[in-house]
Amino acid sequence: MKKVLLATSALVAAGFVTSASAAEWETGVSGYYFLGVGVTDSGAQDGIGVLRDGEFHVNGRLTADNGLTFRARIEVEAFTSGDQIDENWGSVSGSFGTLMIGSNDTVVYENLSGIGIIYAPGARIGYADSFALTTAAGVGFSPFPGTASDQIGLHYTTPDFMGFKAFAGYHPSNATDGAADTNNPVFDNGGEIWNVGASYTGDFGDFSLGLGAGYTDIEGVAGEQISFAANVGFQGFTLAGFYEDDFGGDEFGIGAQYATGPWTVGGGWGHGDSGATNNDVVAGWVTYTAAPGVLFTAGLEYADDDTTNNSDFGGLAFMTLRF
């Protein structure tokens with residue numbers, strides 16, 4: 001796979017010099033805020049809570065006369081954090097596909113999580129791969145683990161061919177996220193991450209279909225990660241599911257959603273078993289779009305952790321501002 005990625009990089013580099021461009025960069029700032037109030041009976045965070053979570057994103061885009069598109073993106077947390085700079089990367093796209101270099105979720109996570117999981121806005125409530133509202137929900141259960149962290153690496157995606165695409169990625173170190181991020185060249189530290197996968201998405205009138213599979217190997221971690229995701233949709237209804245054989249454990253879940261006008265109702269159930277932990281999470285929510293980029297969501301989340309015999313229940317009402 002390393003030879004394939006290096007060969008792709010060479011082809012991209014050759015495309016840089018095909019012609020000069022009189023085009024200019026388009027730059028802008030985007031971002032989001034999640035603002036709300038929640039309640040939970042979790043032992044470590046019992047009672048009423050207040051949510052304030054945001055980011056701003058610096059975006060740049062240039063389409064050259066030779067047809068290549070260059071992009072840059074830097075995401076900054078709107079609160080003081082050891083991971084102050086979130087995803088940040090640059091990319092070049094053309095007839096060869098897209099090559100991205102920088103810190104971003106792995107290609108398997110980027111392509112499969114959106115196919116196999118139903119999300120509330122910002123994943124602030126959820127049955128899988130969400131910000132854990134309850135303590136038990138955060139124990140030993142995170143679909144596509146190790147792949148949603150923003151390790152520095154190479155990401156390649158083929159062009160979309162009638163809904164089909166393939167993707168591959170390489171991260172030389174599994175320790176370059178958060179405060180361990182760096183602006184120095186990153187070399188193999190004994191924790192290389194390799195990813196490869198493929199997906200299909202298509203619409204057939206009122207019917208839609210999404211399928212995907214991925215493989216992840218992390219050097220020094222026993223076992224491998226094999227992921228599957230699928231969804232079907234019809235006239236506003238969506239049903240999605242995932243399964244993952246995850247480094248000696250397994251995780252799976254199913255979710256459903258119905259959207260009509262400004263309203264969306266969704267939810268689902270997820271199960272995680274890592275060998276040392278075993279838990280289930282159930283969640284449901286309703287979202288109302290009040291204006292472009294303004295959404296109101298209310299939902300409930302329940303989690304049961306068989307390992308510690310803990311069960312937690314929580315609710316959250318929040319506003320999403322996307323700008």
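Residues numbered from 1 in each chain as written. Predicted model: local features only at pLDDT ≥ 70, side-chain atom pairs only at ≥ 80, totals over all residues. Heavy atoms only, no water.

**Q** Could you clarify how one ought to interpret the overall build of the chain in this entry?
**A** Assigned secondary structure in the chain consists of 2 helices and 16 strands. Taking all 323 residues of the chain together, the buried fraction comes to 43%. Considering only contacts in the chain between residues 6 or more positions apart, those separated by 24 or more positions represent 53%. On the chain, roughly 15,300 Å² of surface is accessible, and the fraction owed to carbon and sulfur atoms is 62%. (Helix = DSSP H or I, 4+ residues; strand = E, 2+ residues; numbered from the N terminus. Buried < 20%, exposed > 50% of the residue type's maximum accessible area, 1.4 Å probe, protein only. Contact = heavy atoms within 4.5 Å. Areas by Shrake-Rupley, 256 points an atom, 1.4 Å probe, with all protein chains shown as cover.)

**Q** Help me understand the pattern of salt bridges, please; the structure alone is not making it clear to me.
**A** Side chains carrying opposite charge are able to pair once their charged atoms draw close together. By the definition in use, this model includes 2 salt bridges. Across the salt bridge formed by Asp 53 and Arg 124, the nearest N and O atoms sit 2.9 Å from each other. Of this pair, Asp 53 sits in strand β2 (residues 47-63) while Arg 124 sits in the loop between α2 (107-116) and β6 (152-157), placing them 71 residues apart in sequence. (Salt bridge = Lys/Arg side-chain N within 4 Å of Asp/Glu carboxyl O.)

**Q** Honestly, the nonpolar core in this entry has me stumped. Any pointers?
**A** Most often, soluble globular proteins have nonpolar side chains that are buried together. By size, the foremost hydrophobic cluster in this structure holds 16 residues, and its most contacted members are Ile 125, Tyr 127, Trp 285, Leu 316 and Phe 318. For this core, the elements supplying multiple residues, two or more each, are β1 (26-40), β11 (237-246), β14 (278-291) and β16 (310-322). Counting residues in each nonpolar core, the second largest holds 8 residues, with Leu 62, Leu 68, Val 92 and Leu 99 among its members. (Core = buried A, V, L, I, M, F, W, Y, C linked by side-chain atoms within 4.5 Å.)

**Q** Looking at this structure, I do not really get the pairing of strand β10 (residues 225-234). What am I missing?
**A** Both faces of the sheet carry side chains from a regular strand, because those side chains alternate between them. The two faces of β10 differ: Gln 225, Ser 227, Ala 229, Asn 231 and Gly 233 on one face are buried, but Ile 226, Phe 228, Ala 230, Val 232 and Phe 234 on the other face are not. With antiparallel pairing between neighbouring strands as the criterion, strand β9 (residues 207-218) and β10 make up a hairpin whose turn holds 6 residues, including Gly 220 at a positive phi of roughly 90 degrees. In terms of strand pairing, β10 meets β11 through 10 bridges, oriented antiparallel. Residue pairing for β11: Ala 229 is matched across the bridge by Phe 242. Where β10 hands over to β11, the hairpin turn is made up of 2 residues, of which Gln 235 adopts a positive phi near 50 degrees. (Pairing = 2+ DSSP bridges.)

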